[in-house]
Amino acid sequence: MSKFVRRGLTATAAAAVGALALAGTAFAAPNDNVGGGNVNLDNLSVDSDDPQLYRFAGEDRVQTALDAAKRTTGWGDTVILANSQVFSDALAAAPLADTLDAPILLNSPGTAAVNGDVLAYIKTNFDNVILVGGTDVFGEQLRLSLVAEGLSVDRVAGVNRYQTAVGLATAAYFTMDDNSNVNIFLADGTNFPDALAAGAAAANASGVVLLTKGSAGLDKFTFDAVVDGQWTWEGDTVNTHGSIITVGGPAKTATAQGWNETPIESDFDHAGADRYETAAILADEYFANWNGALDNEQDQGFTNVVLASGENFPDGVVAGGYAANVDGPLLLTRESSLTKVTADLLDQHVYWNIERNGSGVIIDPHGPIQNVFMFGGPEGSLSKNVGQQVQDILWEF
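A few points on the structure. Since we're looking at a predicted model, the values are computed, not measured.

## Brief notes about helix α7 (residues 193-203)
Step number 1: Burial runs high along α7: 11 of the 11 residues are buried.
Step number 2: Of the positions making up α7, those classed as buried are Pro193, Asp194, Ala195, Leu196, Ala197, Ala198, Gly199, Ala200, Ala201, Ala202 and Ala203.

Pasting the structure below:
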C-alpha cells in the first residue's frame with residue numbers, strides 16, 4: 001500500500017468517542033485471500049460472452065449484496081451489516097471491510113430480525129457480525145436474535161453519521177497490519193458518491209474515511225478526530241496520522257470552513273467536475289502506477305474494477321466495500337449509459353500493460369484490467385447497455 005506523509009504535521013489525530021458504541025470483540029484477525037484480490041471466479045457467472053465482465057444482481061438491493069458475497073470466496077470470519085434504506089451510516093465502512101476481509105450486507109432498518117436468506121448465509125459462513133448504526137436502525141431485538149444464533153455481535157454507532165464514521169475509522173485503524181502512518185480521507189457526508197469512491201481509495205492507501213458537511217463545514221466529531229488529540233481503542237491510544245486528503249469539491253469547501261471558524265489544512269485535494277470524474281481521479285491517483293510503468297517490466301495498475309451507479313446509493317455502499325477487498329477502484333456511471341470519463345479511464349487501462357523483451361516494448365491490448373464487477377441488475381441499477389459498453393472497451397482489439 002502506498003503512503004502519503006503529511007508535510008509538517010504537528011497536530012495529532014483524535015477520536016472523540018462520546019456516546020459512540022464501539023466494542024472490539026468481533027474484530028478478529030483478517031484473512032488475506034480477499035484482501036489480496038483473490039476472488040474465486042469459478043463462482044461467478046458472466047454478464048456476457050466476455051469472461052472478464054461480471055454482474056452481481058438480485059431482485060432487490062439486499063439480494064444484490066448477498067449475491068456478491070455468496071459468489072466470492074476467501075472472506076474472513078466477520079460480516080458488516082448496514083442499513084438498506086439510508087446511506088449515511090455506512091459511507092465510511094469500506095476501509096474496515098478491507099481490514100477484516102468482510103463483505104457488507106444490507107438489511108431493512110427497524111426490523112426485529114435479519115432477512116432470512118441473509119441470516120442463513122451469515123450463520124453458515126461467519127462468527128461475528130458488526131451492526132452499523134444505532135438502535136434506531138437495528139434495534140436491540142435484532143441484535144439479540146443474532147446472539148441467539150450463536151454469533152458474536154458488535155455495534156458501531158454514534159449520535160450522528162459523523163461520529164459513526166469516526167467509529168468505523170477507529171476500528172479500521174486498530175485492525176490494520178500497519179497503522180503507524182494512516183491517511184485521513186475527508187468526503188461529503190451529505191451525499192453518497194464521493195465517500196464511497198474514497199473508501200476504496202483509502203483502503204488501498206493506508207487510509208480511513210471521515211465525513212464532512214460541505215458548505216456547513218465540519219462536524220465537531222470529525223474536526224476532533226483530525227486535529228485535536230487521540231485515537232483510542234479498548235484502552236490503547238495512538239496519536240499519529242499521515243496525510244489529510246479531501247475528495248470532491250464539498251469536502252474541500254468543508255475543510256476551508258472548518259469547525260467553529262477553525263479551518264483544516266489539507267495536503268492533497270482530489271475533485272473532478274462531477275462525481276464520475278472524482279471517482280476516476282481517485283482510481284488513477286491511488287491504484288495506477290503510470291510514472292513507474294516504463295521503468296518496470298510491467299505496469300502496476302489495477303487488475304480489478306468495480307462499477308456501480310452514481311445515481312442511487314444502495315449498490316454503491318456494498319460495491320465500495322467489495323472494491324476495497326479486491327484491491328480495485330470503485331468507478332461510477334449513469335445507469336443508462338457508461339459515463340464518458342469512466343469509459344475513458346477503462347480504455348486507458350486496457351491498453352496500458354507494458355512488458356519488455358530483447359526486441360523492445362510489447363503492449364498487451366488486454367492490459368492490467370482482468371475483471372470488471374458490475375453491481376445491480378439491468379433494471380434500475382446498471383443497464384444492459386452499460387454492460388455492452390464495458391465489454392466493447394475490454395475487447396476493442
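## What about empty space enclosed by the protein?
Step number 1: Within this structure, the stated rule accounts for 2 cavities of 30 Å³ or more.
Step number 2: For the largest cavity, the calculated volume is near 50 Å³.
Step number 3: Taken together, Ala65, Ala68, Ala69, Trp75, Pro103, Ile104, Val318, Gly321 and Tyr322 make up the full set of residues lining the largest cavity.
Step number 4: Sorting the residues of the lining of the largest cavity by element identifies α2 (61-70) and α12 (314-325) as the ones contributing at least two each.
Step number 5: Looking at the lining of the largest cavity, its residues break down into 8 nonpolar, 1 polar and no charged.
Step number 6: Estimates place the volume of the second largest cavity at around 30 Å³.
Step number 7: As for the second largest cavity, its lining consists of Ala90, Leu91, Ala93, Ala94, Ile104, Leu196, Val317, Gly320 and Gly321.
Step number 8: A class-by-class count of the residues in the lining of the second largest cavity yields 7 nonpolar, 2 polar and no charged.

## A closer look at the packing of aromatic side chains
Step number 1: Under the defined criterion, the tally for this structure stands at 14 aromatic pairs.
Step number 2: Arranged with centres 5.3 Å apart and planes meeting at 65 degrees, the rings of Phe185 and Tyr286 form a pair that is edge-to-face. Residue Phe185 is found in strand β6 (residues 183-188), and its partner Tyr286 is found in helix α10 (residues 275-286); the two are separated by 101 residues along the sequence.
Step number 3: According to the relative accessible area criterion, Tyr286 is buried, its value standing at 4%.
Step number 4: An aromatic cluster is defined as three or more aromatic residues linked by ring pairs; in this entry it consists of Tyr54, Phe56, Trp75, Tyr322, Phe373 and Phe375.
Step number 5: Cation over ring: Arg61 sits above Phe313, and NZ or CZ is 5.7 Å from the ring centre.
Step number 6: Note that Arg275 overlies the ring of Phe192, its terminal NZ or CZ placed 5.8 Å from the centroid.

## Points about the side chain of Thr333
Step number 1: Along the chain, Thr333 turns up in strand β13 (residues 330-333).
Step number 2: There is a polar contact of 3.2 Å between the side chain of Thr333 and the backbone oxygen of Ser337.
Step number 3: Looking at Thr333, its side chain comes within polar contact range of the main-chain nitrogen of Thr339, at 2.9 Å.
Step number 4: Not counting the four nearest positions on each side in its chain, Thr333 is found in contact with Tyr276, Leu307, Ala308, Ser309, Gly310, Leu338, Thr339, Leu382 and Val386.

## Details of the packing of helix α6 (residues 161-173) against helix α8 (residues 220-227)
Step number 1: α8 packs onto α6 with a crossing angle of 30 degrees between their chain directions and a minimal axis gap of 7 Å. Relative to α8, the element α6 lies roughly parallel. The residues of α8 that touch α6, namely those facing Tyr162, Gln163 and Val166, are Phe221, Thr222 and Ala225.
Step number 2: Of the residues contributing to the contact of α6 with α8, the split by class is 4 nonpolar, 2 polar and no charged.

## What to know about the environment of Val166
Step number 1: With respect to the helices and strands, Val166 occurs in helix α6.
Step number 2: Classification of Val166 by relative accessible area gives buried; the value is 2%.

## Overview of the sheet that holds strand β3 (residues 104-107)
Step number 1: Sheet architecture is open: 4 strands sit in the order β3-β2-β4-β5, paired in parallel fashion. Looking along the sheet, the strands with just one partner apiece sit at the ends: β3 and β5 (152-156). Neighbour to neighbour, the strand axes of the sheet diverge by 30 degrees on average, direction disregarded.
Step number 2: As paired strands, strand β2 (residues 78-83) and strand β4 (residues 128-132) are joined by 4 bridges and run parallel to one another.

## Side note on the sheet that holds strand β7 (residues 207-212)
Step number 1: Spatial ordering of the open sheet is given by β7-β6-β10-β11, a layout of 4 strands whose pairing is parallel. If you trace the sheet from one side to the other, it starts and ends with β7 and β11 (268-270), each paired once. Adjacent strand axes in the sheet meet at a mean angle of 25 degrees when their direction is disregarded.
Step number 2: In this structure, strand β10 (residues 244-247) lies alongside β11, joined through 3 bridges in parallel fashion.

Scoring rules and cut-offs
- Residues numbered from 1 in each chain as written.
- Predicted model: local features only at pLDDT ≥ 70, side-chain atom pairs only at ≥ 80, totals over all residues.
- Heavy atoms only, no water.
- Buried < 20%, exposed > 50% of the residue type's maximum accessible area, 1.4 Å probe, protein only.
- Helix = DSSP H or I, 4+ residues; strand = E, 2+ residues; numbered from the N terminus.
- 1 Å grid on protein atoms, 1.4 Å probe; cavity = no way out; pocket = protein on both sides within 12 Å on 5 of 7 lines; lining within 4 Å.
- Points joined across faces, edges and corners; volume = space filled by probe spheres on them.
- Nonpolar A, V, L, I, M, F, W, Y, C, P; charged D, E, K, R; others polar.
- Phe/Tyr/Trp six-rings, centres within 6.5 Å; stacked < 30°, edge-to-face > 60°.
- Lys NZ or Arg CZ within 6 Å of the ring centre and 35° of its normal.
- Polar contact = N/O pair within 3.5 Å; in protein donor to acceptor, adjacent residues only side chain to side chain.
- Contact = heavy atoms within 4.5 Å.
- Axes fitted to C-alpha atoms, helices over the stretch in contact; angles between N-to-C directions.
- Parallel < 35°, antiparallel > 145°, perpendicular 65-115°, else oblique.
- Pairing = 2+ DSSP bridges.

Remember, this is a structural readout, not a statement about activity or role.
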